[in-house]
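What follows is each chain in one-letter form.
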Amino acid sequence: MAHKKIPREYGQPWPDYELLDAGNGKKLERWGKVITIRPELQANFKPGWSFAHWRDMAHWEFEEQSSTQGRWLNIKPHAPEQWIISYGNLNLGLKLTKFKHVGLFPEQQANWRFIKERVKVGQKVLNLFAYTGAASLVARNSGAEVVHVDSVKQMITWANENKERTTARMQNDCKDARGRVPTVGALGGAGAVTEVEQCMELLPSNLSDIKWVLEDALKFARRELKRGNKYDGIIMDPPAWGLGVKGEKWKLENHLSGLIEAAYGLMNQGAFLILNTYSPKLEPADLATSAGQYFSANQLEIKQLWMPTKTGKELYCGNLLRAIR
């Protein structure tokens, strides 16, 4: 694998997100109407636009104060510190954090597309290291039963808020949908039920009943193995490093094989696995070696994940493993 050219898969912009430009160790992004400048190690090339042009456009710029934290510099007065963007019919809340993140990894749009294409109504999906829940919402909105696991309480809360925002948006869409929703006869309802009520009745099947789990992802997966539970899809977006529920240190390279082993054991026949890695210590060959213990070559797909910019530059965003059991 190390001697082959690794294929690329691209996350794509959508109406509420664009990677506008990147270069000189930074990236310029538009999130709805808010534009940010953030550090980016992989942007080790010349940007398409001048930095002066970036600052003319941007509302916020993140300034690193240590290797793990920093502060946001306000460039345009009255720019919001919290706001909402959409992806399809999902409403996702964003906010400025001291870790330079805003609550979404937009390159994961490549995986959201894959999830939407693969997931069928009634299937079970496990989302480990699930962050603020975009992948969980995409899977649930496609009809899957979803278990969402993260070791950080604030992330579980954030994800649940995204679910509530999206449900509220769908309810508002119902109220705006007079004449656009199916007729009473098409839904088999009583003649007295209004179109709006019919639309509302369909909503619980979209986003309700996500199971939120505050726990270390690998420990939860191993417990699920012991319980004999199986899934039709497993999504893992583990951090390169971090802390567990009790403050224990985490390095992905130390746990990669254990994660793939646990995932394999939890997969039904025909189930899919998505695993992203951002660790500079993990190469595609490492993914191939670890996954090759459980999956044959024709079951595996290993790629680099990239994002295109509006200026024609391309930004590397980590490595991606997908497998079908």
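Calculation criteria
Per chain, residue numbering runs from 1 following the sequence as it is written. Two thresholds apply to this predicted model, a pLDDT of at least 70 for residue-level local features and 80 or more for giving and counting side-chain atom pairs, whereas whole-chain, interface and lining totals are computed over all residues. Note: side-chain values were computed over all heavy atoms of the structure, leaving out hydrogens and water. At least two DSSP bridges between two strands are required for those strands to pair. Only runs of H or I of at least four residues qualify as helices and only runs of E of at least two qualify as strands under DSSP, and these elements are numbered from the N terminus. A fitted line through C-alpha atoms represents every axis, and for helices the fit uses only the stretch in contact; the resulting angles, taken between N-to-C directions, go from 0 to 180 degrees. Contact definition: two residues touch when any of their heavy atoms are within 4.5 Å. Between 65 and 115 degrees an angle is taken as roughly perpendicular, under 35 as roughly parallel, over 145 as roughly antiparallel, and anywhere else as oblique. Note on convention: the crossing is left-handed when the near helix lies turned anticlockwise from the far helix by less than a right angle, right-handed when the turn is clockwise. When residues are grouped by polarity, Ala, Val, Leu, Ile, Met, Phe, Trp, Tyr, Cys and Pro land in nonpolar, Asp, Glu, Lys and Arg in charged, and all others, Gly among them, in polar. We call a set of buried Ala, Val, Leu, Ile, Met, Phe, Trp, Tyr and Cys residues a nonpolar core when their side-chain atoms join them within 4.5 Å. Burial classes: relative accessible area under 20% of the type maximum marks a residue as buried, over 50% as exposed, and values in between as partly exposed (1.4 Å probe, protein chains only). The term salt bridge refers to a pairing of a side-chain nitrogen on Lys or Arg with a carboxyl oxygen on Asp or Glu at a separation within 4 Å.

1. Quick look at the sheet that holds strand β4 (residues 34-39)
A sheet is described by the order of its strands in space; here five strands give the open sequence β2-β3-β4-β5-β6, paired in mixed fashion. Edge positions in the sheet fall to β2 (17-23) and β6 (70-74), since each of these pairs with one other strand and no more. Between one strand and the next, the sheet's axes are offset by a mean angle of 20°, whatever the strand orientation. Judged from the two bridges that link them, β4 and strand β5 (residues 60-64) form a sheet pairing that is parallel. Bridged to Ile37 within β5 is Glu61.

2. Brief notes about the sheet that holds strand β12 (residues 231-236)
Sheet strands line up and pair through hydrogen bonds in the backbone, either parallel or antiparallel. Read across the open sheet, the eight strands follow the order β1-β16-β17-β15-β12-β9-β10-β11; overall the sheet is mixed. Pairing within the sheet leaves two strands with one partner each, and these edge strands are β1 (8-10) and β11 (211-214). When the angles between neighbouring strand axes are averaged without regard to direction, this sheet yields 20°. Bridging between strand β9 (residues 124-128) and strand β10 (residues 145-150) involves five bridges; their strand directions are parallel. Counted as the bridge partner of Asn127 is His148 from β10. On top of the sheet, helix α2 (residues 109-118) reaches β1, β12, β15 (267-277), β16 (300-308) and β17 (314-324); it is set at about 170° to β15, its chief contact. In this fold helix α4 (residues 153-175) packs onto β10 and β11, with an angle of close to 165° to the strand it touches most, β11.

3. Some details on the packing of α2 against helix α3 (residues 134-141)
At their nearest, the axes of α2 and α3 sit 9 Å apart, and the two run at 20° to each other. As far as their axial angle goes, α3 and α2 are roughly parallel. As for how α2 packs across α3, the hand of that crossing is right-handed. For the pair formed by α2 and α3, the contact residues are Trp112, Ile115 and Lys116 on the first element and Ala134, Ala135, Val138 and Ala139 on the second. Looking at the contact of α2 with α3 residue by residue, the class counts come to six nonpolar, no polar and one charged.

4. Quick notes on the nonpolar core
Grouped together as the largest cluster of nonpolar side chains are 44 residues, with contacts concentrated most on Trp31, Ile85, Leu92, Leu104, Trp112 and Ile115. In terms of residues, this core owes the most to one element, α3, which gives five residues. Among all residues touching Ile85, those that are not within four sequence positions of it are Trp14, Asp16, Trp31, Gly32, Leu90, Asn91, Leu92, Leu94 and Leu104. Core analysis: the next-biggest nonpolar cluster, separate from the first, contains 32 residues, Ile234, Leu259, Ala291 and Phe295 among them.

5. Examining unusual backbone geometry
If you check the backbone angles, Asn24 has positive phi at about 55° while not being a glycine. Here Asn24 shows up in the loop between β2 and β3 (26-31). Note on Asn24: relative accessible area 60%, which makes it exposed. Phi is positive for Phe129, close to 55°, though the residue is something other than glycine. Among the structural elements, Phe129 can be located in the loop between β9 and α3.

6. Some remarks on helix α10 (residues 284-291)
All buried positions along α10 are accounted for by Pro284, Leu287, Ala288, Ser290 and Ala291. Against α9 (252-266), β15, β16 and β17 lie the buried residues of α10.

7. Looking at the pattern of salt bridges
All chains considered together, the criterion is met by 16 salt bridges. A salt bridge links Lys27 to Glu40; the shortest N-O distance between them is 3.1 Å. Of this pair, Lys27 sits in strand β3 while Glu40 sits in the loop between β4 and α1 (51-57); the two residues are 13 residues apart in sequence, bridging distant segments of the chain. Overall, Lys27 belongs to the buried group, its relative accessible area being 12%. Taking the relative accessible area as the measure of exposure, Glu40 reaches 14% and is therefore buried. Bridged by salt links that share partners, the residues Glu9, Arg113, Glu301, Lys303 and Arg322 form one connected network.

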